[in-house]
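# Structure assessment
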Amino acid sequence: MTHDIHALIEAAWTDRARLQDAATQEAIRSVIDHLDRGQLRVAEPTAEGEAWQVNDWIKKAVILYFPLQQMQTLEVGPFEFHDKMKLKTNYAQQQVRVVPPAVARYGSYLAPGVIMMPSYVNIGAYVGEGTMVDTWATVGSCAQVGRHVHLSGGVGLGGVLEPVQAAPVIVEDGAFIGSRCILVEGCHVGKEAVLGAGVTITGSTRIIDVSGAEPKEYRGYVPPRSVVIPGTLPKQFPAGEYHVPCALIIGQRKPSTDLKTSLNDALREHDVAV
């Protein structure tokens, strides 16, 4: 993406009157097209691969795209939609399997080998090669999902558009996210981690490694290959002591589960009832 397009986006962000300019509109639409093709990403790993950078100017382009669009009615077979955004098309050409009535918005990227069961992927999201987006899972705006990830039924990856500098939800390669997990507020799941059913993680959730002699705590980050289950912690309130949610790291994924697609297999190796 050229420096000129970047500059046009930044100028329109500070002065919305520039949205009337043809060059600005073309620049914004170009960014969305590049997102749709996977040629740009809202966030991406750095060259070292150990950290992620947020391309906030691309998030600005996504936000600025909305006022350019007009409401329209879309008819897809027996389904009707009324919205500002186009839907993705040409799935066969992109080697993506989409099971009715799954929906992905234009401006999201689905790599070859992705399978979408009846589910939803929002604009700005990136879903890597071979990933399964299972039934009623949602991939929110700008969420970043790696290669060969399994998002089980009902998983919710939150969308993050504003503030533009905020990190989106990131799920790295090979992770297995259990049924009804909720990951929001820019939380980051490392490579090949396994999250048990019902784990909820926000940017401030306490994630406690209890697999060793002493607990080790993280906030909003699950280290690679961790096996995680829901937990609770006692907390004192004016009305008394109550338990609040946390997440517990109970061990590391073993080589024997690396080639298994069952979350149950990984959890049973750590004597967790499933």
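Before reading on, note that the structure itself is shown above.
The following paragraphs examine the structure supplied in this document. (Residues numbered from 1 in each chain as written. Predicted model: local features only at pLDDT ≥ 70, side-chain atom pairs only at ≥ 80, totals over all residues. Heavy atoms only, no water.)

## Notes on the overall build of the chain
Heads up, the condition is: Where helices and strands are cited, they refer to DSSP runs of H or I of at least four residues and of E of at least two residues respectively, numbered from the N terminus. In this description the radius of gyration comes from C-alpha coordinates, and the expected globular size is given by 2.2 Å times residues to the power 0.38. Using a 1.4 Å probe on the protein chains alone, a residue whose accessible area is under 20% of its type maximum counts as buried, one over 50% counts as exposed, and one in between counts as partly exposed. In what follows, residue pairs with any heavy atoms lying within 4.5 Å of each other are defined as contacts.
The helix and strand tally for the chain stands at five helices and 26 strands. In summary, the chain has a C-alpha radius of gyration of 20 Å against a globular reference of 19 Å for 274 residues, a match within 12%. Viewed in the frame of its principal axes, the chain has a C-alpha envelope of about 60 × 45 × 45 Å. A buried classification covers 47% of the 274 residues belonging to the chain. Taking the contacts inside the chain whose residues are at least 6 apart along the sequence as the reference set, 36% of them involve residues at least 24 apart.

## Focus on helix 3 (residues 56-68)
Selection rule: In a helix, the anticipated span is given by 1.5 Å times the number of residues less one.
A rise of 1.5 Å per residue sets the reference length of helix 3, with its 13 residues, at 18 Å; its end C-alpha atoms lie 19 Å apart and thus fit the reference within 8%. Among the 13 residues that make up helix 3, 10 are buried, leaving the element largely enclosed by the rest of the structure. Buried residues of helix 3: Trp-57, Ile-58, Lys-59, Lys-60, Ala-61, Val-62, Ile-63, Leu-64, Tyr-65 and Leu-68, and no others.

## Brief notes about the pairing of strand 23 (residues 216-219)
To keep things clear, this is the line we draw: Paired strands, as defined in this entry, are two strands with at least two bridges between them according to DSSP.
With four bridges joining them, strand 22 (residues 206-209) and strand 23 adopt antiparallel strand pairing. Bridge assignment links Ile-208 to a residue of strand 23, and that residue is Glu-217. Hairpin connection from strand 22 to strand 23: six residues lie between these consecutive antiparallel strands.

## Brief notes about the sheet that holds strand 23
Taken in spatial order, the 10 strands make up an open sheet running 5-8-11-14-17-20-25-26-22-23, and their pairing is mixed. Bordering the open sheet on either side are strand 5 (97-98) and strand 23, each of which pairs with just one other strand. Summarising the sheet, strand 22 and strand 26 (residues 240-252) pair through three bridges and their orientation is parallel. Looking across to strand 26, one finds that Asp-209 is bridged to Ile-249.

## Brief notes about helix 2 (residues 22-37)
For helix 2, spanning 16 residues, the distance from its first C-alpha to its last is 23 Å, which sits close to the expected 22 Å at 1.5 Å a residue. The first or second residue beyond helix 2 is Gly-38, which carries a positive phi of 80°.

## Details of the side chain of Ser-108
Note the cut-off: Nitrogen and oxygen atoms within 3.5 Å of one another constitute a polar contact, given that in protein one can donate a hydrogen and the other can accept it, and given that sequence-neighbouring residues count only through two side-chain atoms.
Locating Ser-108 in the fold gives a position in the loop between strand 6 (103-104) and strand 7 (109-110). From its side chain, Ser-108 meets the backbone oxygen of Arg-105 in a polar contact 2.6 Å long. Excluding residues that lie within four positions of it along the chain, Ser-108 makes contacts with Leu-35, Asp-36, Lys-88, Val-121, Asn-122, Ile-123, Gly-124 and Ala-125.

## Here's the deal with the environment of Pro-245
Within the element layout of this structure, Pro-245 appears in strand 26. Owing to a relative accessible area of 69%, Pro-245 belongs among the exposed residues under this scheme. Separated by 137 residues in the primary sequence, Pro-245 and Ser-108 have C-alpha atoms spaced 32 Å apart. Once residues within four sequence positions are removed from consideration, Pro-245 is found in contact with Gly-231 and Thr-232.

## A look at the sheet that holds strand 21 (residues 200-201)
With respect to topology, six strands assemble into an open sheet ordered 6-9-12-15-18-21, the strand pairing being parallel. Whereas interior strands pair on both sides, the edge strands pair on one side only; in this sheet they are strand 6 and strand 21. Pairing between strand 12 (residues 138-139) and strand 15 (residues 156-157): two bridges, direction parallel. Bridge assignment links Val-139 to a residue of strand 15, and that residue is Leu-157.

## With respect to unusual backbone geometry
As a rule of thumb, non-glycine residues mostly have phi less than zero, and peptide bonds are mostly trans rather than cis. In this model, Pro-100 is joined to Pro-101 through a cis peptide bond whose omega is 0°. Mapped onto the elements, Pro-101 comes out in the loop between strand 5 and strand 6. One non-glycine residue with positive phi stands out, namely Trp-136, at about 60°. Note that Trp-136 resides in the loop between strand 11 (132-133) and strand 12. Residue Arg-180 is not a glycine yet carries a positive backbone phi of 65°. Structurally, Arg-180 is set in the loop between strand 17 (176-177) and strand 18 (182-183). Owing to a relative accessible area of 53%, Arg-180 belongs among the exposed residues under this scheme.

Geometric values such as these leave the question of function open.
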